[in-house]
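Structure at a glance
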Amino acid sequence: CIEVSASCVKAAFSLLTSRGRLLWLYRGLCFMSPPDPDGGPCRRTYCGRGRQCVLTASSGRAECVCQEKCRPSFVPVCGSDGRFYENHCEVYRTACLERRRIYVVHSKDCFFKGNACTMSEYNRLKSTLLEVRPGGRAPGEGPPGGRSQQRDMEERRALVDTMFKYLDADGDGRLVSDELEKVGISMKEHLEHRLLECTTQDLLRYDDYNNDRHLSLHEFYTAFQVVQLSLAEDQSISVSTVTVGLSAVLTCAIQGTLRPPIIWKRNGIVLNFLDLEDINDFGDDGSLYITKVTTIHMGNYSCHAYGYEDLHQTHVLQVNGHFEILCSSSCELFKCHRDASPGASAQLQRQPNGSELLIGSVRYEDTGAYTCIAKNEVGVDEDISSLFVEDSAKKTRKTLRKRCCRLSVGNMFYVFSDEGVTVLQPAGCEVRRHMARTERIVATYEEMCPKGEGVSPQHCVWSSAVNIRDKYIYVTQPLLSRLLVVDVQAQKVVQAVKTDPFPVKMLYDKSHDQVWVLTWGDMDRTHPTLQVIPQASVGEVHHAVRTTFQKVNDFFIPPTNLIITHVRFAFVFLQNEPAVHKIDLESFRRVKTISLRNYSCVPVSMAYTHLGGFYFVQCRSRPGAPAQLLIDSVTDAVTGPNRNVTGRPFVSPDGRYVVTPDPESSRLTVQTVSFRGELALNRELDQPGAVSDLAFQPSFAESNQHVAVAASASGTDLLFADLSSGRAEVLRSLKEPLGPRAWPWGGPARVVVSSGLFGPYLLTPSAESVFVLDGKQRTPHCEVSDIKRGNTVVWVGEV
């Protein structure tokens, strides 16, 4: 048994395995020579158990002497000398002082071998002493009704205090042999009536831990198992700030005699007995160790001694994150975006929104590299954008802008409609490319949208599309049981990938470069499956791999951002099942089933914020069931309903805002995630009717803020809501959206798609046209007609 120095603990802790367990750290830590700051002889001298190294004053040589004192720790053991010791260290220290061999005996009846006063008899004696006190009663007895361990202990302590005063005849705060003998004589009748083999003298034999021939009140408390706990008033709440990627140690400040094991909770869930990869409790100090902190760990952690929940300490964990910065440039405007956890502050040369550098008049001399720098207390990040200006007097500013904009095939909206694919450049409302429905697929030379059987008109039917790293677009054709791969650089369809019948929804797992596809089997969704296309961004022939999940209703993959660049798990909902299935994105296997049965919740959709690690689960509307549930991603435990919020949740890209349109009223609920990982209601906004879809845009007026843009499901309105201030504006008369019969694929009948981190534009379709909106001015930018059912839209950024 080893007592490890503080520096050794820190060094060992830094070498934890990925599961964060230090298997060799043993309970009952007891000895080690104190560190020698000068690195002298003691650093190379091992003294053995119960001894310590000191330097002699005369010669300066190392000398082993008996340990002066042991670290306070109540891990009682029996010695081979028949005495009861407070811990292992006391055994070996006593052996050193008395110059004889004493070892630990592993038997409860090791004391006084052959003596009739065994441990069980001694416990009977103490119970009798508690019972026969005048007017006393054993703790736990009394009137019926609910009792707590805390209340029982308070009664026991009062009873033991009374007994100690009664036994302490001279009032000196010590019980000596004579006092115990006298009370034993006075209580002889009671003790003999119980046929006890022990006497009050055995209190000294068993519980005089320091062998000073008397019992203190502290030793008396220990003998009668009186737990005394305390917490300094100024330590009831402790705030810790940790940087992402580092380790954190939360130490419980509850102290006291015979303190039971420390229990740690997060969101009401006990952590001690969960097999978590990154959170562990080990050692005798009751600390909680988080081996690699991320933003999901921010939040409140509480600790209390087992059985004494009334006395608890709250630890608030704040997380400062390393951040990433990403920059983009046009001919005369440089834009930068940074993602950081709460607490980060950027220092940029900027416009009012904090992320733009404007060059008033582009000249040849402006050619060069422009560096955008962001700083906070954690570190510095930067990104570089280059500007090239042609040196020609014949080139006007207008020509330069036109030339610059034509250099790239990126920064376009791809709109999939009845007539094919329209590539739309929003700044000039210019159709750059139109892929007609009869255009051929490069790999097979078949038509992109072949004519069906009979006399039905030839048109394209799409349901879902995803952007694959601005290199490809995958888009589903449900009636043809396939998806198409569009090469963004060539602006051509290069492959058709066969799937199970009726592929209707796709999500891109950027962490593993794979596309997940939900198929229905038929229009009645009788045989839904889940398929995966691996290596989606690689230019090769692709195939869909069928997973083992059947009867899938829907699925969810948390998004990545500049901070959270890797996602490990997806979530699958099965038809009519009150549960969420956690899926490993690498192996496609089920990791865990999170039951929602206690809340009668059949999941419909999910959302996620990496700040505090909240999953928001929308439940199917039914009497008695909550509208939304919260799941803690650290513990995978359901923490309860999300207030009385109703509807599908949307989370802003920075994770700070959760916006939920209420499908049954004109209410838009805005919740915030604080710097401490606490979810709170921010405000409620009025919306123009039911919301079909919602997107987020960076604010053009405030730094590091977002605007929610909500499209109406049945009307012609669009809502702009500043999430920080609550100011809202409504843009009207955008024409009627698609009806339910025209869009049977389960997604929003009217989407709203933003132009990425840097673009001010939005696109939303009506039944027979699409509208490009200026999000900065919050006005219509243009309408592009003759695009029917253009409800499948993808934005492609810089290529």
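Residues numbered from 1 in each chain as written. Predicted model: local features only at pLDDT ≥ 70, side-chain atom pairs only at ≥ 80, totals over all residues. Heavy atoms only, no water.

The name that an unreviewed UniProt entry assigns to the protein is Follistatin-like 4, with the source organism given as Cyclopterus lumpus.

**Looking at helix α3 (residues 119-131)**
Here α3 is 13 residues long and its end C-alpha atoms lie 19 Å apart, about the 18 Å a rise of 1.5 Å per residue gives. Among all positions in α3, only M119, E121, Y122, L125, K126, T128, L129 and L130 are buried. (Helix = DSSP H or I, 4+ residues; strand = E, 2+ residues; numbered from the N terminus. Expected span 1.5 Å × (residues − 1). Buried < 20%, exposed > 50% of the residue type's maximum accessible area, 1.4 Å probe, protein only.)

**Some points on the confidence of the model for the protein**
Per-residue confidence for the protein gives a mean pLDDT of 82; residues scoring 70 or more make up 79%. Within the model, pLDDT remains below 50 along residues 134-140, and this stretch shows 14 contacts once partners closer than five positions in the same chain are excluded. (pLDDT = per-residue confidence, 0-100. Contact = heavy atoms within 4.5 Å.)

**Some points on the sheet that holds strand β23 (residues 430-436)**
Taken in spatial order, the four strands make up an open sheet running β23-β22-β21-β52, and their pairing is antiparallel. Lying at the two open borders of the sheet, with one neighbouring strand each, are β23 and β52 (792-796). Across the sheet, the mean angle separating the axes of adjacent strands is 20 degrees when strand polarity is ignored. When strand β21 (residues 412-417) meets strand β22 (residues 420-425), the two strands line up antiparallel, connected through five bridges. From the neighbouring strand, F413 faces β22, where its bridge partner is L424. (Pairing = 2+ DSSP bridges. Axes fitted to C-alpha atoms, helices over the stretch in contact; angles between N-to-C directions.)

**Section: the packing of aromatic side chains**
Counted by the stated rule, this structure contains 10 aromatic pairs. An angle of 85 degrees between the planes, with centres 5.6 Å apart, marks the rings of W516 and F588 as edge-to-face. Of this pair, W516 sits in strand β29 (residues 514-519) while F588 sits in the loop between β34 (579-584) and β35 (590-595), and the two are 72 residues apart along the sequence. By relative accessible area, which is 0% here, W516 ends up buried. Grouped by ring-pair contacts, the aromatic residues F164, F220 and F224 constitute a single cluster. Taking the ring centre of F555 as reference, the NZ or CZ of K505 above it sits at 5.1 Å. Stacked on the ring of F569, the Lys or Arg K582 has its end atom at 4.2 Å from the ring centre. (Phe/Tyr/Trp six-rings, centres within 6.5 Å; stacked < 30°, edge-to-face > 60°. Lys NZ or Arg CZ within 6 Å of the ring centre and 35° of its normal.)

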